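If you want the building blocks of each chain, they are given just below.
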Amino acid sequence: MKWPNYILEILETLNQKGFQAYLVGGCVRDQVLNIECHDYDITTDATPQQVLDLFHSSASCGMKHGTIIVQKETDVEITTFRKESNYTDHRHPDSVTFVQDLSQDLKRRDFTVNALAYNPQTGIIDLFHGLEDCQNKIIRTISDPNESFNEDALRMLRAFRFCAKLHFEMDEHTFQAINHHAQDIQYISKERIHEELTEILYYDPFQIEKLVDLLYPIIPELKESQQCTQNSIYHFTNVLHHSLLAISYLPEFDETLAYTLLFHDLGKPKAKTTKNGIDHFKKHPLYSMEIAKRLCEELKMTSYQKEVIPTLVYYHDDGFKKGMDSIYYFRIELGWNEKMMDDLITIRRCDLLAHSKKGQETLKQLDEFVLLYEQVKKSSIFNVKELDINGNDIISNTNLKGKQIKEALNACLKYCFYHPEQNKKELLLEYIGELWS
C-alpha cells in the first residue's frame, strides 16, 4: 500500500513515542479497492492531549470524543481508541470511554468494510472479515444489524450510500433489519438525511428504489410513485424508475437538477386517471410542484433551491411548442435568466430521454427549439436596459407620465424582441407615438 509521506510521518511520530497508531476506516477500504482516497483517519491509544502535544499544527474539534485534527497537506483526524455506551437518542452515544485496545475501537464501527486498520509494521488488521466483504462486494454490519441500527439510525442511510458509492450489494440480514427499523429515521436530522440522499443520487440514483420504505415517513411519494404504473405509449416503466432514469441522463451531476428530476413527477399518483385502459396525468406538474415545495423545506435545502426546484418542476412538461412566444414568456414575462432557461432545457431533455421510444420523438422538437433559442440569444434583447431608449427619452419626447413610461418601455421591449432591427431611438419613439396616438 502506498500512502502520502505526511501520513506515514504522523504514524511514525506516534510510534516513536510508544503509541499505537493505525490508519482506519474508509481510507484503508479504498486502498484495498484501488479507489483514490482524499480523507485520512488515524486511530491511536494516545490521549487527545498527548496528540495535541505531539503535533503543533493541530486543533481540537471534538476533544471529549477524542478527535484531534492535524493540519498537513490535508486535515487528518486522529482519534483515540474508544468504546461507546448506550445510544438513548438512537444517534449519539451517551458517553465515550477511551481504551487501550484497538479491537474495542474497531468493534464500535458501522460496517465490516469500514473496520479495517493498517500500520506499515503490522499490515492490514481485519477482525470482522472486512477484506472478504470487500472481495465479495457486500455491505454488512459488524454487530447484529438490529442492534447496530437501534444504536445509530443514521447507519441505515449510510448502508445505502456505501452500496451506491462502491457499487456493492447489501447483506440480506442487514437489509431486512433496515426495513424493520425504518421508523427510526425520525431520529435523523433532516439536514443529515438531505446530505446522505444527495450522495446516493450522485453515486447511484437507482439505490432510491430500495430506499422507499426507509424514506416513507419523510417522502411517502417515492413509494407511491414506485407503485404508480404508466400505461401509455410514451412510457415503459413506473413513475419512480422513470425519474431515476432521468437523473442518470444528467450530462454532469448537479444537485439542484437531480432533486428537480427526483421530484418532477411525484404528483402523478394523485393526478392519475385511466380511460379506455390508457393512463393520463393531467395537472401532475402542479401537484408535483406543491410536493417539491414541501420537501425543499423539510430537507432544509438552500434558499436558492427552495425557489428554483419547485419552479422547474412546475414547468418541466412545457414542450416549448410556441417557439419565439415560449422564449418571450420565460425570458421576459417570467424574467428568467439564461441559466434558469438552460436548466429547464436540461430537465426537459433528461425527462424525454427517460421516456419510451415514442416519447423520445419529442426530442426533435426540443432540438429545434434549442437551435431557435441560440439564434434569438444572438439577435434579440431580453431587458429594457438593452433598449436604445430610456425613460428620460420618453419624458423629453412624449406626453407620457408616471406608469405610462414603464408601460411604454415594456411595449418597446416586446416589439424589439420580435423585431430586433427596430431597436433604434427614433424608430421606438415613432412606435410609442403610434401606440398612444
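From a predicted model like this one, the values you see are computed outputs, not experimental measurements.

The rules behind these values
Residues numbered from 1 in each chain as written. Predicted model: local features only at pLDDT ≥ 70, side-chain atom pairs only at ≥ 80, totals over all residues. Heavy atoms only, no water. Helix = DSSP H or I, 4+ residues; strand = E, 2+ residues; numbered from the N terminus. Rg over C-alpha atoms; globule rule 2.2 N^0.38 Å. Contact = heavy atoms within 4.5 Å. Areas by Shrake-Rupley, 256 points an atom, 1.4 Å probe, with all protein chains shown as cover. Lys, Arg positive; Asp, Glu negative; His and termini not counted. Charge placed at Lys NZ, Arg CZ, Asp CG, Glu CD. Salt bridge = Lys/Arg side-chain N within 4 Å of Asp/Glu carboxyl O. Buried < 20%, exposed > 50% of the residue type's maximum accessible area, 1.4 Å probe, protein only. Pairing = 2+ DSSP bridges. Axes fitted to C-alpha atoms, helices over the stretch in contact; angles between N-to-C directions. Left-handed = near helix turned anticlockwise from the far one by under 90°. Nonpolar A, V, L, I, M, F, W, Y, C, P; charged D, E, K, R; others polar. Phe/Tyr/Trp six-rings, centres within 6.5 Å; stacked < 30°, edge-to-face > 60°. Lys NZ or Arg CZ within 6 Å of the ring centre and 35° of its normal.

A. Layout of the overall build of the chain. When you go through the chain residue by residue, the secondary structure sums to 22 helices and 13 strands. For a compact globule of 437 residues, the expected C-alpha radius of gyration is about 22 Å, and the chain comes in at 29 Å, more than 25% above that figure. Summarising its shape, the C-alpha atoms of the chain cover approximately 95 × 60 × 40 Å along the three principal directions. Contacts spanning at least 24 positions in sequence make up 63% of the contacts within the chain whose residues lie at least 6 apart. Accessible surface computed for the chain: about 21500 Å², of which carbon and sulfur atoms make up 47%. Charge separation in the chain, taken as the distance between the mean sites of 49 positive and 66 negative side-chain charges, equals 5 Å.

B. The arrangement of the pattern of salt bridges in detail. Applying the stated criterion to the full structure yields 25 salt bridges. Between E151 and R155 there is a salt bridge, with its nearest N and O atoms 3.1 Å apart. Classification of R155 as buried rests on a relative accessible area of 6%. Note that K358 is salt-bridged to E361, the shortest N-O span being 3.4 Å. Here the salt bridges share partners, and the residues they tie into one network are R161, R192, E195 and E196.

C. Geometry of the pairing of strand 5 (residues 75-80). In terms of strand pairing, strand 2 (residues 41-44) meets strand 5 through 4 bridges, oriented parallel. Across the sheet, residue T43 finds its bridge partner in strand 5, namely T79. Summarising the sheet, strand 4 (residues 67-71) and strand 5 pair through 5 bridges and their orientation is antiparallel. Residue pairing in the sheet places I69 in a bridge with E77 of strand 5. From the end of strand 4 to the start of strand 5, which pair antiparallel, there are 3 residues.

D. Just the packing of helix 17 (residues 324-333) against helix 19 (residues 363-379), in detail. Two elements in contact, helix 17 and helix 19, have axes separated by 10 Å at closest approach and are oriented at 65°. Crossing of helix 17 over helix 19 shows right-handed handedness. Of the residues in helix 19, those touching helix 17 at M324, S326, I327 and R331 are F369, L372, Y373 and V376. Of the residues that constitute the contact of helix 17 with helix 19, the class distribution is 6 nonpolar, 1 polar and 1 charged.

E. Structural detail: the packing of aromatic side chains. Summed over the entire model, instances satisfying the criterion amount to 22 aromatic pairs. Relative to Y329, the ring of Y315 has its centre 6.2 Å away and its plane inclined at 65°; by these criteria the two rings are edge-to-face. On the criterion of sequence distance, the pair formed by Y315 in helix 16 (residues 303-315) and Y329 in helix 17 is long-range, its members being 14 residues apart. Relative accessible area serves as the criterion here: at 15%, Y315 is assigned to the buried category. A relative accessible area of 29% means that Y329 is categorised as partly exposed. With a centroid separation of 5.5 Å and 55° between ring planes, the pair formed by Y328 and F417 is classed as tilted. Placement of the pair is Y328 in helix 17 and F417 in helix 21 (residues 403-418), with a sequence separation of 89 residues. We note that Y328, like F417, is buried. A network of ring pairs unites the aromatic residues Y314, Y315, F320, Y329, F330, W336, F369 and Y373 as a single cluster. Against the face of F162 rests R161, its NZ or CZ located 4.8 Å from the ring centre.

Without other data, these values stay purely geometric and don't point to any function.
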